[in-house]
Amino acid sequence: MNLTGIDAITYGVEDLKDARRFLADWGLKKVRSSAQAAVFETLDGGQVTVRPTTAKALPPAIEPGPTLREVTWGVSGRRALDALVKRLGKSFEVTLRKDGSALLTDPMGMAVGLRVQKRRKVKAAGSPANTADRVQRIDKPARVYDRAEPVGIGHVVLNVPDLAEMEAFYTGHLGFQVSDRYPGRGVFLRCRKRGGHHNLFLLQLPTGKAGLNHVAFTVRDIHEVFGGGLHVSRAGWETQIGPGRHPISSAYFWYVKNPCGGLVEYYADEDYLTEKWRPRKFQPSPELFAEWAIDGGLDGVSRRQRAAKAG
Ligand SMILES: [Fe+2]
């Protein structure tokens, strides 16, 4: 199917100034900014666009308030994109945009963009780990990060009203692979046979409410998860939970509340899967969400855990 990953995302926001300040603190590079929109980039050229919720250029929202309005997937080349659009056009209404990208809507109403990949290969070396069996760092201290510079947009997590319908759309029409699942509750999907554990996680909450759960940004290594989280915390943004570690996907994480909508996550060291991988089934539990995690985050000034709220 030739999808290569998330090339861009677009948010509709209530306060453009706040959104700009947050995305800069998050470590994204500002590419352009006006009263109508701001565009930021990850190191690999993944784009984050923010526009006021009232902007006509925005696709419809899946929930009230600030939220994600579009996920734009990269496609390996023009021919692959044309073929995909032709095929999708048989089942869905697909709009071709002036910039050469295509737009359709998934079953829950989220705009799905498709464009020839603009992301570039980037050298963003993490510090190799010295493990019991493998010394990879000799005469070289591991890096300490003052703040993060996200390498790319790794995954999006959506709260979906109808899991089966959404899974069928992404696997059946866009070629996503199932990586793991919580039967009846959630499914981890990756857009390529070989790649990071998930680019998309669909979660059906008991309420059945549609919404953005979070967007996750890849950083170089575990140390950048810590450095980035501490920096955004010092900049005054609120941690939801993190640092911590997901047993499913193995990644280290840090989740922060995003004024653009939902949460954002720094993550590093996720599992890499191939066609040999067999999807697993799990029952949802706090232990599977996090082997360990710090509720409310670390205080970047005193280096201690913040006082967790009672209850
Ligand atoms: Fe995540």
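Residues numbered from 1 in each chain as written. Predicted model: local features only at pLDDT ≥ 70, side-chain atom pairs only at ≥ 80, totals over all residues.

A. Seen up close, the overall build of the protein. Looking only at helices and strands, one finds five helices and 20 strands in the protein. A compact globule built from 311 residues would reach a C-alpha radius of gyration of about 19 Å, and the protein, at 19 Å, matches this within 12%. Here the protein holds 311 residues, and 43% of them are scored as buried. Once local pairs closer than 6 in sequence are excluded, the contacts in the protein between residues at least 24 apart make up 68%. (Helix = DSSP H or I, 4+ residues; strand = E, 2+ residues; numbered from the N terminus. Rg over C-alpha atoms; globule rule 2.2 N^0.38 Å. Buried ≥ 20, exposed ≤ 12 C-beta atoms within 10 Å, placed from the backbone. Contact = placed C-beta atoms within 7 Å.)

B. Structural view of the environment of Asp-82. Summarising the element assignment, Asp-82 is placed in helix α2 (residues 78-88). Sequence spacing of Asp-82 and Val-116 is 34 residues, and the spatial spacing of their C-alpha atoms is 9.6 Å.

C. Looking closely at the nonpolar core. Counting 72 residues, the largest nonpolar core has Ile-9 and Val-225 as the members making the most contacts within it. If one sorts the elements of this core by residue count, strand β1 (residues 3-13) sits on top with six residues. For Val-225, the residues in contact, after removing those within four places along its chain, are Val-219, Pro-243, Tyr-252, Phe-253, Trp-254, Tyr-266, Tyr-267 and Ala-268. (Core = buried A, V, L, I, M, F, W, Y, C linked by C-beta atoms within 7 Å.)

D. Looking closely at helix α3 (residues 163-172). Those residues of α3 that sit buried are Leu-163, Met-166, Glu-167, Phe-169 and Tyr-170. Down the axis of α3, the smallest arc covering the buried residues is 160°, so these residues share one side. More than 90 degrees from the buried face of α3, the exposed residues found are Ala-168 and Gly-172. (Arc of directions from axis to C-beta.)

E. The arrangement of the pairing of strand β14 (residues 211-218) in detail. The buried fraction of β14 amounts to eight of the eight residues, a majority that puts the element mostly inside the structure. Pairing geometry for strand β9 (residues 152-159) and β14, over seven bridges, is antiparallel. In the sheet register, His-155 faces β14, and the bridge partner there is Ala-216. (Pairing = 2+ DSSP bridges.)

F. The arrangement of the sheet that holds strand β5 (residues 67-75) in detail. Across the sheet, eight strands lie side by side as β2-β3-β4-β1-β5-β8-β7-β6; this open sheet has mixed pairing. Edge positions in the open sheet fall to β2 (29-33) and β6 (95-96), since each of these has one partner strand only. Inspection of the sheet shows β1 paired to strand β4 (residues 47-52) by six bridges, in the parallel sense. From the neighbouring strand, Ala-8 faces β4, where its bridge partner is Gln-47. Running at roughly 145° to strand β8 (residues 111-116), α2 makes contact with β5, β7 (102-105) and β8 of the sheet. (Axes fitted to C-alpha atoms, helices over the stretch in contact; angles between N-to-C directions.)

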